[in-house]
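# Reading the structure
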Amino acid sequence: MSDLRELYQEVILDHNKNPRNFKKLESPTHHARGHNPLCGDKLELFLVIRDGIVDDIAFVGSGCAISTSSASLMTQFLKGKTVAESRKYFESFHDLVTGKLLTEQAMDDLGKLAVFAGVQEFPARVKCASLSWHTLINALESASVIAETE
Ligand code: ZN
């Protein structure tokens, strides 16, 4: 478990310092804003979906290291995936951070995202880690609304 903890810190620090896909997209097909009032995390998510595939995805915003790194990893992870897969990964990720038991397959599928298993010990941090994913779901519903984590 200590290996995962070290990896967790390393990955989070890295993605917080150099967030990937941190930009606005010019003509997104889907877009939503997310806000976690508990911590003050705010982000805006942009997607270009073509033929049911996440062709491009990016975000901007400001928040704590966990919300920023989670959004960064999520955008990296979802690029090239189908919308149906993205929804499935939302479920797996949510189970992961809330401490539900995942199948080995689901855990494998999450790859690097598995480092966020560490937040289940910190209930307040679960919202930070899942903000980008809740915003994703809202964006997919194409609702231009502000996602609240609660
Ligand atoms: Zn936060």
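As shown above, the structure is provided for reference.
Only a predicted model underlies this, so the values are computations on that prediction, with no experimental measurement involved.

What follows deals with the packing of aromatic side chains. Any pair of aromatic rings gets described here by the distance separating the centres and the angle formed by the planes. Counted under the stated rule, the structure contains four aromatic pairs. Look at F77 and Y89: their rings are 4.9 Å apart centre to centre, the planes differ by 80°, and that puts the pair in the edge-to-face class. Linking F77 in helix α2 (residues 65-78) with Y89 in helix α3 (residues 83-97), this pair joins segments that are 12 residues apart in sequence. The class for Y89 is buried, based on a relative accessible area of 8%. With a centroid separation of 5.8 Å and 65° between ring planes, the pair formed by F93 and F116 is classed as edge-to-face. Of this pair, F93 sits in helix α3 while F116 sits in the loop between α4 (104-110) and α5 (123-140), and the two are 23 residues apart along the sequence. For the pair shown, F93 and F116 are each scored as buried.

Turning our attention to the coordination of the zinc ion. Protein coordination at the zinc ion: the donors are C39 (SG), D41 (OD), D41 (OD), C64 (SG) and C128 (SG), at 2.2 to 2.6 Å from the metal. Spacing between the donor residues of the zinc ion along the chain follows C-x1-D-x22-C-x63-C. Of this pair, C39 sits in the loop between β1 (30-36) and β2 (41-50) while C64 sits in the loop between β3 (53-62) and α2; the two residues are 25 residues apart in sequence, bridging distant segments of the chain. You can call C64 buried: its relative accessible area is 15%.

It is worth spelling out the nonpolar core at this point. A general tendency of soluble globular proteins is for nonpolar side chains to be buried together. With 41 residues, the main nonpolar core has I66, F116 and W133 as its most contacted residues. Of all the elements in the fold, those that place two or more residues in this core are α1 (2-17), β2, β3, α2, α3, α4 and α5. Those residues in contact with F116, other than ones at most four positions away along the chain, are Y8, I12, I66, S69, S70, L73, F93, L96, V97 and A129. Formed by five residues, the second largest nonpolar core is a distinct cluster that contains L25, F46, A58 and V60.

Of all the 10 residues making up β2, eight are buried; the element is thus mostly covered by neighbouring parts of the structure. Inspection of the sheet shows β1 paired to β2 by seven bridges, in the antiparallel sense. Across the sheet, residue A32 finds its bridge partner in β2, namely L45. In sequence, β1 turns back onto β2 through a hairpin of four residues, with G40 there showing a positive phi of about 95°. Both β2 and β3 contribute to a ladder of nine bridges, which runs antiparallel. Among the inter-strand pairings, I49 is bridged to a residue of β3, identified as V54. Hairpin connection from β2 to β3: two residues lie between these consecutive antiparallel strands, with D51 at a positive phi of about 50°.

Here we come to the environment of H30. When you line up the elements, H30 lands in strand β1. Looking at H30, its side chain comes within polar contact range of the side chain of T29, at 2.8 Å.

Relative to the assigned elements, S69 resides in helix α2. In this structure S69 comes out as buried when scored by relative accessible area, which is 0%. Reaching out from S69, the side chain makes a polar contact with the backbone oxygen of A65 at a distance of 2.7 Å. In terms of polar contacts, S69 uses its side chain to reach the backbone carbonyl oxygen of I66, at 3.2 Å. Every residue in contact with S69, bar those within four places of it in the chain, is listed here: I12, H15, N16 and F116.

Cut-offs used in this document
Residues numbered from 1 in each chain as written. Predicted model: local features only at pLDDT ≥ 70, side-chain atom pairs only at ≥ 80, totals over all residues. Heavy atoms only, no water. Phe/Tyr/Trp six-rings, centres within 6.5 Å; stacked < 30°, edge-to-face > 60°. Helix = DSSP H or I, 4+ residues; strand = E, 2+ residues; numbered from the N terminus. Buried < 20%, exposed > 50% of the residue type's maximum accessible area, 1.4 Å probe, protein only. Donors = N, O, S within 2.8 Å, 3.2 Å for Na, K, Ca; no water. Core = buried A, V, L, I, M, F, W, Y, C linked by side-chain atoms within 4.5 Å. Contact = heavy atoms within 4.5 Å. Pairing = 2+ DSSP bridges. Polar contact = N/O pair within 3.5 Å; in protein donor to acceptor, adjacent residues only side chain to side chain.

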